[in-house]
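Geometric and topological summary
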Amino acid sequence: PAVHFISEPEDSLHTKADAIIIGAGVIGSSVAFELAKRGYKTLNIDKLPTSGYGSTSNSCAIVRAHYSTWDGVAMAYEGFFYWDDWANYLGVQDERGMIKYMKTGSIIFKLQGEDHSKKSLKYFEEIGVEHEIWDLEKLKERMPIYSHDQFDGTTRPDEDEHFFDKTGKEIEGAIFTPGSGYVSDPQLSSHNLQVAAEANGGEFLFNNEIKEIRQENGKVLGVILKTGEQIDAPIVVNVAGPHSFVINRMAGVEEEMNIKTKALRHEVHHVPSPEGFDFEKDGFHTSDGDNGIYFRPETGNTILIGSEDPLCDPKEWIEDPDNYNNEVTESQWRAQVYRCARRIPDLKIPSRTSGVVDLYDVSDDWIPIYDKSALRGFYMAIGSSGNQFKNAPVAGHCMAELIDACEKGHDHDANPLKVKTVYTGLELNMGFYSRNREINPNSSFSVNG
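Residues numbered from 1 in each chain as written. Predicted model: local features only at pLDDT ≥ 70, side-chain atom pairs only at ≥ 80, totals over all residues. Heavy atoms only, no water.

Remarks on the packing of helix α2 (residues 70-84) against helix α10 (residues 392-407)
Where α2 meets α10, the closest approach of the two axes is 7 Å, and the angle between their N-to-C directions is 105°. Here α2 is positioned roughly perpendicular relative to α10, judged by the angle of their axes. Between α2 and α10, the contacting residues are Met75, Glu78, Gly79, Tyr82 and Trp83 on the first element and Pro393, Val394, His397 and Cys398 on the second. The residue inventory of the contact of α2 with α10, partitioned by class, reads six nonpolar, two polar and one charged. (Axes fitted to C-alpha atoms, helices over the stretch in contact; angles between N-to-C directions. Helix = DSSP H or I, 4+ residues; strand = E, 2+ residues; numbered from the N terminus. Parallel < 35°, antiparallel > 145°, perpendicular 65-115°, else oblique. Contact = heavy atoms within 4.5 Å. Nonpolar A, V, L, I, M, F, W, Y, C, P; charged D, E, K, R; others polar.)

Looking at helix α4 (residues 116-127)
Given a rise of 1.5 Å per residue, twelve residues ought to cover 16 Å, and the 17 Å separating the end C-alpha atoms of α4 matches this to within 8%. Among the residues of α4, those classed as buried are Ser117, Ser120, Leu121, Tyr123, Phe124 and Ile127. Tucked into the core, α4 has its buried residues touching α2, β5 (106-110), β6 (132-134) and β9 (173-177). After α4 finishes, the residue glycine 128 shows a positive phi value of roughly 100°. (Expected span 1.5 Å × (residues − 1). Buried < 20%, exposed > 50% of the residue type's maximum accessible area, 1.4 Å probe, protein only.)

Considerations on the sheet that holds strand β10 (residues 181-183)
Hydrogen bonding along the main chain pairs the strands of a sheet, whether they run parallel or antiparallel. The strand order across the open sheet built from three strands is β3-β10-β4, with neighbouring strands paired in antiparallel fashion. Strands with a single pairing partner mark the edges of an open sheet, and in this sheet they are β3 (62-63) and β4 (101-102). Pairing of β4 with β10 involves two bridges; the strand directions are antiparallel. By the bridge assignment for β10, tyrosine 101 is matched with valine 183. (Pairing = 2+ DSSP bridges.)

Notes on the packing of α2 against α4
At their nearest, the axes of α2 and α4 sit 9 Å apart, and the two run at 60° to each other. Judged on the interaxial angle alone, α4 and α2 are oblique. For α2 against α4, the interelement crossing comes out right-handed. Facing Trp70, Val73, Ala74 and Tyr77 of α2, the residues of α4 in contact are Tyr123, Phe124, Glu126 and Ile127. Its residues placed into classes, the contact of α2 with α4 shows seven nonpolar, no polar and one charged. (Left-handed = near helix turned anticlockwise from the far one by under 90°.)

This is the structure in structure tokens:
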């Protein structure tokens, strides 16, 4: 299939735009589509060959609503409907095909004592997220391969000689949300959005890097590329993923931000489904807070295993997002796969590691920054922390509303913008995502795809 990209800058096309969007991942492409629909002449600039080739391509692309804040649940629930209505929402057909929304539903284990599931359940009930409460009998009926053991805390198998010892306790049951699941091809989702943006007049410039954010008297003027080309625009949006802090420093806006971002290396692993069970067809996205992991079906009857960032796991912060170890490590492979084997006792652990390594763009409290900055005309959709893929189309809508309001004179810092959602009609307070917020103590400080 044809690839939509321009490898060399064309002066006739790219001397000016209404809005330059730095990055063409799933959120950057979504911001472009939503701004283009509102009549802005958008230009996405990305250093890679086409949309979604960065960290988006390695996203677990999980769509789920169990967050520990009202705002987190409300935004994610709104996202369910975008993915379910994808082709209609975009209004285009991509020659490469359209993504499929694999609506498996999500199982969230309920643990004895206070846990993440109970916080989420409260918000499910307030907001109206469809859910079922499963006792252990129902859980056994739906997922016979799951153990009900509760291990009372996540450890690392290479540091805990009692790693597989049972405590004698059992989980309480599970919460099931039927509207959740995962997106079949995260990179393709960006391309779908790119085609939709282009259909509304948006343009994309690939294989090009930003060298400078041009500004004068506290107002953004545009960018200079590494080729030396100057592009004028009164609006620049930083959606650079793990490179977001690099761009913020280039723009000189990081110092004034109370919440900042940095890049974190992360691993996701693949293992075969237990013999005799078709996890690809009959499995669910599952959040196992007791073992500090989540997992979901993957093509080829395999299980994809990700980490919920338990405290015992070391965090590897990356100073240079262009230079990090992208190979799976034996230690983290064992940690995540063995945790999954505690939950699925029939799991056959392969002798060879298999998985993907990429970077998260992590904010100080793992909640994204969807905001303006101290530099007029410079906006940010950053700090996605590995869990905002699901929210990309909602974030695109919210950012377009925010940019449009601020450009028309709204003082968002003094009076945070409220955005009405398209499908659920919920009102999102964009001040929740402010760069000036205090660290949110209710954040789970973790990821679940």
